[in-house]
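Residue-level structure breakdown
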Amino acid sequence: MPRPANSDPRATLRSGLPDRYLTPDDIADMFGVPLETVYQWRRKRTGPPGFRIGKHLRYDPADVRAYVTQRKSAA
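Report on the accompanying structure. Predicted model only: the values in this text are computed from it and were never measured.

1. Observations concerning the environment of Arg-71
Checked against the element boundaries, Arg-71 lands in helix α4 (residues 61–74). On the basis of relative accessible area, Arg-71 is assigned to the exposed category, the value being 51%. Here the alpha-carbon distance between Arg-71 and Gly-47, two residues 24 residues apart in the chain, equals 9.7 Å.

2. Focus on the packing of aromatic side chains
Each aromatic ring pair is summarised here by two numbers: the centre-to-centre distance and the angle between the ring planes. Taken as a whole, this structure holds 3 aromatic pairs when the rule is applied. Consider the rings of Phe-31 and Trp-41, whose centres lie 5.8 Å apart with planes at 80 degrees: the pair is edge-to-face. With Phe-31 in helix α2 (residues 24–31) and Trp-41 in helix α3 (residues 35–44), this pair connects stretches of sequence that are 10 residues apart. Here the aromatic residues Phe-31, Trp-41 and Tyr-67 are joined through ring pairs into a cluster of three or more.

3. Some points on the nonpolar core
If you look at the biggest cluster of nonpolar residues, it comprises 10 residues: Leu-17, Leu-22, Ile-27, Ala-28, Met-30, Val-38, Trp-41, Leu-57, Tyr-59 and Val-64. Of all the elements in the fold, those that place two or more residues in this core are α2, α3 and β2 (56–59). Take this core: its biggest share by element is 3 residues, from α2. Aside from chain neighbours lying at most four places away, what touches Ala-28 is Val-33, Pro-34, Leu-35 and Val-38.

4. Side note on the pairing of strand β1 (residues 50–53)
Here 4 bridges tie β1 to β2, and the two strands are oriented antiparallel to one another. Counterpart to Arg-52 in the pairing with β2 is Leu-57. Hairpin connection between β1 and β2: a loop of 2 residues separates the two successive antiparallel strands, and Gly-54 in this loop has a positive phi of roughly 65 degrees.

Reading guide: rules and limits
Residues numbered from 1 in each chain as written. Predicted model: local features only at pLDDT ≥ 70, side-chain atom pairs only at ≥ 80, totals over all residues. Heavy atoms only, no water. Helix = DSSP H or I, 4+ residues; strand = E, 2+ residues; numbered from the N terminus. Buried < 20%, exposed > 50% of the residue type's maximum accessible area, 1.4 Å probe, protein only. Phe/Tyr/Trp six-rings, centres within 6.5 Å; stacked < 30°, edge-to-face > 60°. Core = buried A, V, L, I, M, F, W, Y, C linked by side-chain atoms within 4.5 Å. Contact = heavy atoms within 4.5 Å. Pairing = 2+ DSSP bridges.

What follows is the structure, given as structure tokens:
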């Protein structure tokens, strides 16, 4: 389901995450970082935890929310 062209992807984090597994592109959009940064986070184990479904990388919205909460409390 495409987002409206003028929407702020970070608003997704504020208003609630979608009821589906997120893609690396979703994560990059939400955090306003390049896609390669998302892959670097995964390699370094510093970003939200992801998992593989076959060859596809996915993120559980609950894990992303927990990651954001942890980062906010660490600041």
